[in-house]
Amino acid sequence: MAAHAPLITGKPEVGKPEQRDRLYAGFHELRRRLQAARPDLLVMFVNDHLQNFAYNNLPAFCIGLAPTYQCPSEGGARLMRLTPRTVRGNPEWAMRLLEAGLEAGIDFAYSYEIESWDELSVPLSFLMPEGEIPIVTVYTNCAAPPLPSPRRCREVGAFVGDFIRRQSGPGRIALVATGGLSHWVGTPETGRINPEWDHRVLDHITRGDIEPLTRLTWHEIERDGGNGGQEIRNWIGLLGAVPGWKGELLAYEPVAEWITGCATVWVHP
Amino acid sequence: MTTPISYALNKLLTDIARRHQMHESLSDEETAGHALSEPERAALRAGDTGRLYELGANPYLIRRVFRRRFTI
C-alpha cells in the first residue's frame with residue numbers, strides 16, 4: 001500500500017531531501033518485495049479524482065476493463081513529470097471478477113476506458129518502472145461525496161480476496177492499494193497534514209486491527225484526515241481482501257511540500 | 001448530506017479540468033451557457049476558492065482549475 005500524489009514525482013526537488021529519501025526508500029523496498037513475489041497480475045484498489053467519473057455518473061465501485069492504461073494520461077504527464085507509457089490491463093480476468101461480483105450481489109460498475117492520473121501512475125513509476133505486469137483496477141469513489149462506507153469497502157475487498165482465492169490456475173496475484181493518508185486538497189485548509197491521525201491509522205494497520213477503521217464516518221475522516229484522507233477506503237478494501245494480515249510500515253513522512261501524509265506499507269500474513 | 005454539492009459549478013469545473021486548463025478567475029463570458037447562480041458567478045469572477053468550496057464546488061476540481069490561487 002502506498003500514497004499517491006502528483007507532486008511525489010512532479011516536484012521531488014521541493015521536498016526536504018532527508019524526508020524525500022526516506023519515502024523513496026520505502027517505495028524502493030516495496031518494489032523489491034513485490035518483484036521477489038513474482039506476481040503475474042496486480043489488482044489495484046485506487047480512486048479517481050473526477051477525471052473519469054463526474055457528477056453526471058458516479059459509481060461507488062467500478063471495475064476497469066480497459067485493455068491498456070496510459071500511465072499517466074498526456075494531460076497529467078507534465079504535472080507529474082512522468083513520461084506516459086502503456087500498462088496492460090487484463091480485461092478477461094476483470095470481466096470474470098465483474099460477473100462474479102454481480103452474481104454475488106456486489107453491484108460493480110465497469111469501464112472500458114480509464115484516464116489514469118496519479119492514482120496509478122505515481123506509485124507504478126516506483127513499483128513497476130518497466131510496466132511489465134498487467135493490472136486490473138478496482139476504483140472506489142473517494143473524491144466526490146457521498147461516498148461508500150468504509151465498512152462496505154471492506155466487504156467489497158473481502159469479495160475480491162475470496163474471488164482470487166477461488167481462482168484455479170498457476171497465476172500469482174498481488175494486491176496494491178494507493179492513496180492517503182491525511183491531506184487537504186483544494187479546501188480552505190489546503191496544505192494541512194495530521195500526522196497524529198496518520199499514526200493512529202497506521203497503528204491499526206500494523207496490528208491487523210482494521211475493525212475500528214471500518215467504523216469511521218465520512219465526517220470523522222474529513223475532520224481528522226481531510227478530503228484526501230477519504231482515500232483510506234482503498235487501503236481498507238485491500239485489507240478486507242486478506243483478513244488477519246498485518247501491515248509493516250516501511251516509511252511514513254508528512255511531506256508539507258507535497259501536501260500529503262505519505263506512507264508505504266507492506267502487508268503480510 | 002455530507003457536504004453541499006452544486007451540480008452547475010461542478011459541471012463547469014469538470015469540463016475545464018478535463019481540458020487541463022488552469023485559470024486565475026473565470027469571466028461571465030467564459031461561463032456563459034451554464035446554469036449558475038449569481039453568487040456562483042461572482043465567486044468564479046473573483047477566483048475565490050474558499051467561497052467556491054462553500055457553494056458546493058468539489059475541492060479537487062477547485063484545485064485543478066484554480067491551482068495558481070494556492071500558495072502551496
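Residues numbered from 1 in each chain as written. Chains lettered and ligands numbered in written order. Predicted model: local features only at pLDDT ≥ 70, side-chain atom pairs only at ≥ 80, totals over all residues.

So, the overall build of chain B
For step 1, the next point in the chain: Helix and strand content of chain B: 4 helices and 0 strands.
For step 2, the next point in the chain: On C-alpha atoms alone, chain B measures out to a radius of gyration of 11 Å, which is about the 11 Å that the 2.2 N^0.38 rule sets for 72 residues.
For step 3, the next point in the chain: Residue pairs in contact within chain B that sit at least 24 positions apart in sequence constitute 54% of those at least 6 positions apart. (Helix = DSSP H or I, 4+ residues; strand = E, 2+ residues; numbered from the N terminus. Rg over C-alpha atoms; globule rule 2.2 N^0.38 Å. Contact = placed C-beta atoms within 7 Å.)

Brief notes about the overall build of chain A
For step 1, the next point in the chain: Secondary structure summary: chain A contains 10 helices and 9 strands in total.
For step 2, the next point in the chain: Here the C-alpha radius of gyration of chain A, 17 Å, is about what a compact globule of 269 residues would show, namely 18 Å.
For step 3, the next point in the chain: With the C-alpha coordinates aligned to their principal axes, the bounding extent of chain A is approximately 45 × 40 × 40 Å.
For step 4, the next point in the chain: A total of 269 residues make up chain A; the buried ones form 52% of that total.
For step 5, the next point in the chain: Look at the contacts in chain A between residues 6 or more apart in sequence, and 83% of them connect residues 24 or more apart. (Buried ≥ 20, exposed ≤ 12 C-beta atoms within 10 Å, placed from the backbone.)

As for helix α2 (residues 38-46) of chain B
Residues and elements named next belong to chain B.
For step 1, the next point in the chain: Restricting attention to buried positions, one finds in α2 the residues Glu40, Ala43 and Leu44. Buried positions in α2, seen along its axis, are confined to an arc of 100 degrees and lie on one side of it.
For step 2, the next point in the chain: Along its buried surface, α2 packs onto α1 (7-18) and α3 (49-54). (Arc of directions from axis to C-beta.)

Side note on the interface of chain A and chain B
Quite often, the size of an interface is put as the accessible area lost when its parts meet.
For step 1, the next point in the chain: Residue-level contacts link 19 residues of chain A with 19 residues of chain B.
For step 2, the next point in the chain: Its residues placed into classes, the side of chain A that touches chain B shows 11 nonpolar, 8 polar and no charged. (Nonpolar A, V, L, I, M, F, W, Y, C, P; charged D, E, K, R; others polar.)

Looking at the sheet that holds strand β7 (residues 173-177) of chain A
Residue and element names in this part refer to chain A.
For step 1, the next point in the chain: Strands sit in the order β5-β2-β6-β1-β7 across an open sheet of 5 strands; the sheet is mixed. Strand pairing shows two members of the sheet lacking a second neighbour, β5 (109-111) and β7, which therefore form its edges. Strand-to-strand twist in this sheet, taken as the mean axis angle between neighbours without regard to direction, amounts to 20 degrees.
For step 2, the next point in the chain: In terms of strand pairing, strand β2 (residues 61-64) meets β5 through 3 bridges, oriented parallel. Opposite Cys62, over in β5, you have Ala109 as the bridge partner.
For step 3, the next point in the chain: On the sheet, helix α10 (residues 232-241) packs against β1 (41-46), β6 (135-140) and β7 and is oriented at approximately 150 degrees with respect to β7. (Pairing = 2+ DSSP bridges. Axes fitted to C-alpha atoms, helices over the stretch in contact; angles between N-to-C directions.)

Some details on the packing of helix α4 (residues 91-104) of chain A against helix α6 (residues 150-166) of chain A
Residue and element names in this part refer to chain A.
For step 1, the next point in the chain: Close contact between α4 and α6 brings their axes to 11 Å; oriented N to C, the two are set at 120 degrees. In terms of their interaxial angle, α4 and α6 are classed as oblique. Taken as a pair, α4 and α6 cross one another with a handedness that is right-handed. Facing Leu97, Ala100, Gly101 and Ala104 of α4, the residues of α6 in contact are Phe159, Val160 and Phe163.
For step 2, the next point in the chain: Tallied by class, the residues present in the contact of α4 with α6 amount to 6 nonpolar, 1 polar and no charged. (Parallel < 35°, antiparallel > 145°, perpendicular 65-115°, else oblique. Left-handed = near helix turned anticlockwise from the far one by under 90°.)

Side note on the confidence of the model for chain B
For step 1, the next point in the chain: Of all residues in chain B, 99% have pLDDT values of 70 or greater, and the mean over the chain is 95.
For step 2, the next point in the chain: Per the prediction output, this complex has pTM 0.97; the corresponding ipTM is 0.95. (pLDDT = per-residue confidence, 0-100.)

Topic: the environment of Arg78 of chain A
Residues and elements named next belong to chain A.
For step 1, the next point in the chain: With respect to the helices, strands and loops of the structure, Arg78 is situated in helix α3 (residues 74-80).
For step 2, the next point in the chain: Overall, Arg78 belongs to the exposed group, with 12 C-beta atoms counted inside 10 Å.
For step 3, the next point in the chain: Remark: the alpha-carbon pair of Arg78 and Gly10, spanning 68 residues in sequence, is separated by 7.7 Å.

Notes on the nonpolar core
For step 1, the next point in the chain: Among the nonpolar cores identified, the biggest contains 97 residues, and Met44, Ile63 and Leu238 of chain A are the most heavily contacted of them.
For step 2, the next point in the chain: Every residue in contact with Met44 of chain A, bar those within four places of it in the chain, is listed here: Leu120, Ile135, Thr137, Val138 and Val176 of chain A. (Core = buried A, V, L, I, M, F, W, Y, C linked by C-beta atoms within 7 Å.)

Some details on helix α2 (residues 17-36) of chain A
All names here are of chain A.
For step 1, the next point in the chain: Spanning 20 residues, α2 covers 28 Å between terminal C-alpha atoms, matching the ideal 28 Å at 1.5 Å per step.
For step 2, the next point in the chain: By the burial criterion, the buried members of α2 are Leu23, Gly26, Phe27 and Leu30. Taken end-on, α2 shows its buried residues confined to a sector of 90 degrees, consistent with a single buried face. Every exposed residue of α2 that faces more than 90 degrees away from the buried side is listed here: Pro17, Glu18, Arg32, Gln35 and Ala36.
For step 3, the next point in the chain: Buried residues belonging to α2 abut α5 (118-127), β8 (246-255) and β9 (260-268). (Expected span 1.5 Å × (residues − 1).)

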